[in-house]
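Architecture and fold: a report
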Amino acid sequence: MNLTKVCAFSPFKSNLVQKPTSKTTINLSILEVLMLKCQNSKHFGQILSQMISTGFIKDTYAASRILKFSTDSLFIHVNYSHKIFDYIENPNGFIRNTMMRAYLQQNQPQNTILLYKSMLKNNVCIDNYTFPLLVQASTVRLSEIEGKEFHNHVIKTGFTSDVYVKNTLINMYAVCENMVDARKLFDESPVLDSISWNSILAGYVQVGNVEEAKVIFDKMPMKNVIASNSMIVLLGRSGRMTEACQLLDEMKEKDVVSWTALISCYEQHGMYKQALDLFMQMCANGTSIDEVVVISVLSACAHLLVVQTGESVHGLVIRVGFESYVNLQNALIHMYSTCGDVTAAQRLFDTSSHLDQISWNSMISGYLKCGSLEKARELFDCMPEKDVVSWTTMISGYAQHDYFSETLALFQEMLHADNKPDETTLVSVLSACTHLSALDQGKWIHAYIRKNGLKVNIILGTTLVDMYLKCGCVENALEVFNGMEEKGVSSWNALILGLAMNGQVEKSLAVFQEMKECGVTPNEVTFVAVLGACRHMGLVEEGRSYFDSMTRYYSVEPNIKHYGCMVDLLGRAGLLKEAETLIDSMPMAPDVATWGALLGACRKHGNSEMGERVGRKLIELQPDHDGFHVLLSNIFASKGNWDSVLDIRGAMMRQGVVKVPGCSMIEANGAIHEFLAGDKSHLQINEIETMLAEMEKRLKIMGYAPGTDEVLLDIDEEEKESTLFRHSEKLAIAYGLISITPPTPIRIIKNLRICSDCHTAAKLISKAFNREIVVRDRHRFHHFKDGSCSCMEFW
């Protein structure tokens, strides 16, 4: 190190001796005056030079004063102070302790210990001020082994009765979470002061031992503010908010830490209104605020979406004068953006002179919450540096707004930028794979998790289970589920629902039974899954039993979804009157989904009278819903009532209701391909057309006749057949046959319910081409193999 850069006028030469350049005398009085006036390293160098040149440095007291000044001065480097220390002849205990303390204050505890070791080699006497410095050094290093060695030295040198030494030892053991030795020292100590009590209490607070902490706190001869604050933190952290609040009320003296401790606990436990109410009391009490409490209060404002309160807190921050603190700026940006005032958040962001990573991430998150994906991406692309939170925020934003292709594309960019995703990132990416039925990419992510040793927590594990089930891979889902160390109720729910969707209803209900045997209490979602399982296989009696057990055994009140499942179950089974009666008896107003389930059942079972009545009610309730118009139109068409069909379609045109076209997606060779009904835009359309012809040829040999009843249009039969064979799922199957090598299954996801003709065709294709075909429609999975389907013709 070039010390002349640290001290502009260095008195040290290679031989550490400088010839006198002045005969000016110096004494203690002059030294004290000179040090009072010393403001920079150059002046200090001149003072030190004079001490050396006059030999005054040999005066032990004077040497101790100049060393103490150098270690306390911000403009003197600690290494330079050590140079002075080395120059002093026969340094006493105070001088040595000063140098050891200097290293400790500069966060160099290892040098404090090294200095002590050199003292031992030179047989230097140790005093009662040395050991506390050494014990503090081991505490900073969290080295209990070193601390115990110094404890042994304390015993050998006879300083065990010194309260200052004992307190540092108690604190060392407490910080290292060895409360047994800390308590032993505490109990054996003949003299205890407030530091002793606070140290042992702080140890119990750190390890979260509420009961022992309460014992110590109650025995304290004098409860000070520090001890009371520690107890508030511990009680709050342990969820004992009533006790924490009572303790604050009982405190005769409160400081800002007292109020902040309880307000922060309220905020961390989701008790946001209580946090704000207590903050108001704090302000009314005249207690000055600090950065920590304001950040907690702004977080509470964000969770409660009370932007007006947040603005008032912002005004208070400005009046106090610490608006420019970067952590506060970030809390304000987060509060405004969460509450939907993204303009105020952007204004703060633009005017801030201290932006850090959190500032950028908070602003991006704000735009995403407000649905401004383009603005969020703009900011993301402009970031000077991106961390895993930046990537995850943007990726999660895309996934939450159903931009699934963009989610996967950005994830690939993240990997290419050498940023390692965490569990949160992968949950969003797997969610996108699930919605796109991108099984290959989902499997790759699963392999990535295993290869990189990422922890499969409840959320990530459940997302993996859900992804595999919604891609039709039941065995993979079961493997993940069985391998999860910890399962939440959401994990069980995902498996129950997924198994039912894939046609394994018996297995689904068996898992429900296993869930109960494992002591996991079913919730509302569980019963939606269980009733859904019954619905998929027409298990009416079982469904009635499960529906009845919700309130009887589990105190779960049925909501609109549970009633909807029961209406669908009864309707599919042809019990239309009972389904309508159940709707009439519902304790809440039925939603369009519930009426829609009954309308679908009317269409399936040919009850045109009820279907027309329910259909007209639905169109009144939701005039812009294309599906209800189409279902009612189909009911009329099935009876040859073409005038009513034209009326319905005319109404759709007048109201701007457009029928959502059938769309099927298939993943092949790592890419997602999308087909619409009658689509001719695919780059390989010629090959697809050839395969469609081959499919039609083989199916006719097997006796297939197009189910033209599905094409409810007033057109001739030949045109109906042509229309049927260009349904989106048939196009996707044709593409799968030419692109996916057997025995890999052909997996398709469709946005609408698969029609009867495509269902029949898919069964025959699976047999004619000896291929497994998996189709996920909007209701369930259909696993086609060897000419049969997993749905057992019930869908």
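Residues numbered from 1 in each chain as written. Predicted model: local features only at pLDDT ≥ 70, side-chain atom pairs only at ≥ 80, totals over all residues. Heavy atoms only, no water.

Labelled according to an unreviewed UniProt entry, the protein chain appears under the name Pentatricopeptide repeat-containing protein, chloroplastic, originating from Nicotiana attenuata.

Points about the overall build of the protein chain
Formally: Helix and strand labels come from DSSP, where a helix needs a run of H or I of at least four residues and a strand needs a run of E of at least two; each type is numbered from the N terminus. In this setup the radius of gyration rests on C-alpha atoms only. A globule is expected at 2.2 Å times the number of residues raised to 0.38. Buried means the residue's accessible area, taken with a 1.4 Å probe over protein chains only, is under 20% of the maximum for its type, while exposed means over 50%, and partly exposed covers the values in between. Any pair of residues with heavy atoms lying within 4.5 Å of one another is described as a contacting pair. Note on areas: these come from Shrake-Rupley sampling with a 1.4 Å probe, and a residue is covered only by the protein chains present in the view. The charge count treats Lys and Arg as positive and Asp and Glu as negative. His and the chain ends do not count. A single reference atom marks each charge: NZ on Lys, CZ on Arg, CG on Asp, CD on Glu.
Helix and strand content of the protein chain: 43 helices and six strands. Relative to a compact globule of 795 residues, whose C-alpha radius of gyration would be 28 Å, the protein chain shows 38 Å and is clearly more extended. Sorting the 795 residues of the protein chain into buried and exposed places 51% on the buried side. Considering only intrachain contacts with a sequence separation of at least 6, the fraction spanning at least 24 residues in the protein chain is 63%. Working note: accessible area of the protein chain is about 38,000 Å², and carbon and sulfur atoms make up 51% of it. Taken together, the 75 basic and 90 acidic charged side chains of the protein chain have centroids lying 6 Å from each other.

Things to note about empty space enclosed by the protein
Applicable threshold: Grid spacing is 1 Å over the protein atoms alone, the probe is 1.4 Å, and a cavity is where that probe fits but cannot get out, while a pocket is an open set with protein on both sides within 12 Å along at least five of seven lines and lining residues have an atom within 4 Å of a point. Grid points are joined across faces, edges and corners, and a volume is the space filled by probe spheres set on the points.
Counted under the stated rule, the structure contains one cavity of 30 Å³ or more. By volume, the largest cavity is sized at about 30 Å³. Considering the residues around the largest cavity, the lining is formed by S70, T71, S73, I76, V78, S81 and Q106. For the lining of the largest cavity, the secondary structure elements donating two or more residues are helix 4 (60-72) and helix 5 (78-87).

So, the packing of helix 16 (residues 256-268) against helix 18 (residues 291-304)
Threshold: To obtain each axis, a line is fitted to C-alpha atoms, and for helices this fit is confined to the stretch in contact; angles are then taken between N-to-C directions over 0 to 180 degrees. In what follows, roughly perpendicular refers to angles from 65 to 115 degrees, roughly parallel to angles under 35, roughly antiparallel to angles over 145, and oblique to any angle outside these ranges. We call a crossing left-handed when the near helix sits turned anticlockwise from the far one by less than a right angle, and right-handed when that turn is clockwise.
The interhelical angle for the contact between helix 16 and helix 18, taken along N-to-C directions, is 25°, at an axis separation of 9 Å. One finds that helix 16 runs roughly parallel with respect to helix 18. Crossing of helix 16 over helix 18 shows left-handed handedness. Taking contact as the criterion, the partners of T260, I263, S264 and E267 in helix 16 are, on helix 18, V292, V293, S296, V297, S299, A300 and H303.

Quick look at the pairing of strand 5 (residues 781-785)
Under the convention used in this document: Strands qualify as paired when DSSP identifies two bridges or more between them.
Most of strand 5 sits out of view: four of its five residues are buried. Sheet topology places strand 4 (residues 773-776) next to strand 5; four bridges connect them, and they run antiparallel. Of the residues in strand 5, the one forming a bridge with I773 is F784. From the end of strand 5 to the start of strand 6 (residues 788-789), which pair antiparallel, there are two residues, and D786 there has a positive phi angle of about 55°.

Section: the packing of aromatic side chains
Put simply, the rule reads: Pairs were defined over the aromatic rings of Phe, Tyr and Trp, the Trp ring being its six-membered one, requiring ring centres within 6.5 Å. Orientation was assigned from the angle between planes: stacked under 30 degrees, edge-to-face over 60, tilted for the rest. Only when the NZ of Lys or the CZ of Arg is both within 6 Å of the ring centre and within 35 degrees of the ring normal is a charge said to sit over the ring.
Evaluated as defined, the whole model comprises 17 aromatic pairs. Note on F527 and Y554: the rings are 5.5 Å apart at their centroids and 50° apart in plane angle, and the pair reads as tilted. Of the two residues, F527 is situated in helix 32 (residues 524-537) and Y554 in helix 33 (residues 540-554); the sequence distance between them amounts to 27 residues. Residue Y554 is classed as partly exposed on the basis of its relative accessible area, which comes to 25%. Residues F547 and Y563 carry aromatic rings whose centres are separated by 5.3 Å and whose planes lie at 75° to one another, so their mutual orientation is edge-to-face. Linking F547 in helix 33 with Y563 in helix 34 (residues 560-572), this pair joins segments that are 16 residues apart in sequence. Cluster of aromatic residues (ring-pair linked, three or more members): Y116, F131, F150 and F159. The ring of F217 is capped by K223, whose NZ or CZ atom sits 5.4 Å from the centre of that ring. Here the guanidinium or amino end of K487 rests over the ring plane of F481, the centre of that ring lying 5.1 Å away.

Focus: the sheet that holds strand 3 (residues 746-750)
The six strands are arranged 2-1-3-4-5-6 in an open sheet whose pairing can be described as mixed. Every interior strand has two partners, whereas the edge strands, strand 2 (671-676) and strand 6, have only one. Of the strand pairs in this sheet, strand 3 and strand 4 are connected by four bridges, and their pairing is parallel. Bridging from a neighbouring strand, I749 pairs with R776 of strand 4.

A short note on the pattern of salt bridges
Heads up, the rule is: A carboxyl oxygen of Asp or Glu within 4 Å of a side-chain nitrogen of Lys or Arg is what we treat as a salt bridge.
This structure, assessed with the given rule, holds 25 salt bridges. A salt bridge links R552 to D548; the nearest nitrogen and oxygen atoms lie 3.3 Å apart. With R552 and D548 both in helix 33, this residue pair falls four residues apart, about one helical turn. Take D548: its relative accessible area is 33%, and that puts it in the partly exposed class. Its salt-bridge partner being K730, residue D757 comes within 2.7 Å of it at the nearest N-O pair. Note that D757 is positioned in helix 43 (residues 756-768) and K730 in helix 42 (residues 728-739), a separation of 27 residues in sequence. Overall, K730 belongs to the buried group, its relative accessible area being 1%. Each of E211, K214, R240 and E243 takes part in salt bridges that share partners, so that together they form one network.

Things to note about helix 19 (residues 307-320)
One full turn of an α-helix is made of 3.6 residues, so residues set three or four places apart face in the same direction. Convention followed: How far a helix is expected to stretch is found by multiplying one less than its residue total by 1.5 Å. Arc definition: it is the arc formed by the directions from the helix axis to the C-beta atoms.
Between its first and last C-alpha, helix 19 extends 20 Å over 14 residues, near the 20 Å set by a 1.5 Å rise per residue. Of all the positions in helix 19, only V307, G310, V313, H314, L316 and V317 are classed as buried. Down the axis of helix 19, the buried set is contained in an arc of 165°. They therefore lie on one face. Summarising the geometry of helix 19, the exposed residues directed more than 90 degrees from the buried face are Q308 and R319. Looking one or two residues beyond helix 19, the residue adopting positive phi is G321, at roughly 100°.

Considering the nonpolar core
Applicable threshold: Here the nonpolar core consists of buried residues drawn from Ala, Val, Leu, Ile, Met, Phe, Trp, Tyr and Cys, with membership extended through side-chain atoms lying within 4.5 Å.
If you look at the biggest cluster of nonpolar residues, it comprises 203 residues, and the most contacted ones within it are I66 and L598. Discounting residues that sit within four places of it in the chain, I66 has contacts with L31, M35, F44, I47, L48, M51, I57 and I84. Counting residues in each nonpolar core, the second largest holds 33 residues, with I688, A734, F769 and F784 among its members.

Looking at the UniProt feature "repeat: PPR" (unreviewed entry) in the protein chain
Going by this rule: UniProt positions are given in the numbering used here, feature names are shortened, and annotations may be inferred rather than shown by experiment.
Under the local residue numbering, the UniProt record ascribes the feature "repeat: PPR" (unreviewed entry) to residues 193-227, 255-289, 356-390 and 488-522. Across residues 255-289 one finds 74% helix and 0% strand; the C-alpha atoms that close the span lie 10 Å apart.

A look at the pairing of strand 3
For clarity, the threshold we go by: By convention, a crossover is right-handed whenever its connection, traced from the first strand over the helix to the second and viewed with the strands pointing away, goes clockwise.
Burial of strand 3 is extensive: five of the five residues sit out of reach of the surface. Burial along strand 3 is two-sided: I746, I748 and K750 and R747 and I749, pointing in opposite directions, are all buried. Pairing of strand 1 (residues 663-668) with strand 3 involves three bridges; the strand directions are antiparallel. The partner of I666 across the bridge, within strand 3, is I748. Of the crossover connections in this fold, the one passing from strand 3 over helix 43 to the parallel strand 4 is right-handed.

Topic: helix 33
As a reminder of what qualifies: The seven residues ending at a residue and the seven starting there each receive a fitted axis; the angle between those axes is the bend at that residue.
Its 15 residues give helix 33 an end-to-end C-alpha distance of 20 Å, which sits within 8% of 21 Å, the value for a rise of 1.5 Å per residue. Along its length, helix 33 shows its largest kink, about 35°, at D548. By the burial criterion, the buried members of helix 33 are V540, G543, Y546, F547, S549 and M550.

A short note on unusual backbone geometry
The phi angle of most residues is negative, glycine excepted, and most peptide bonds adopt the trans form. Geometrically, the link from P742 to P743 is a cis peptide bond, its omega value of 10° lying close to zero. Tracing the backbone shows P743 in the loop between helix 42 and strand 3. Even without a glycine there, the phi angle at E177 is positive, about 60°. Looking at the element boundaries, E177 is found in the loop between helix 10 (163-175) and helix 11 (179-188). Judged by relative accessible area, which is 48%, E177 ranks as partly exposed. We note that D402 has phi near 65°; this positive angle belongs to a residue other than glycine.

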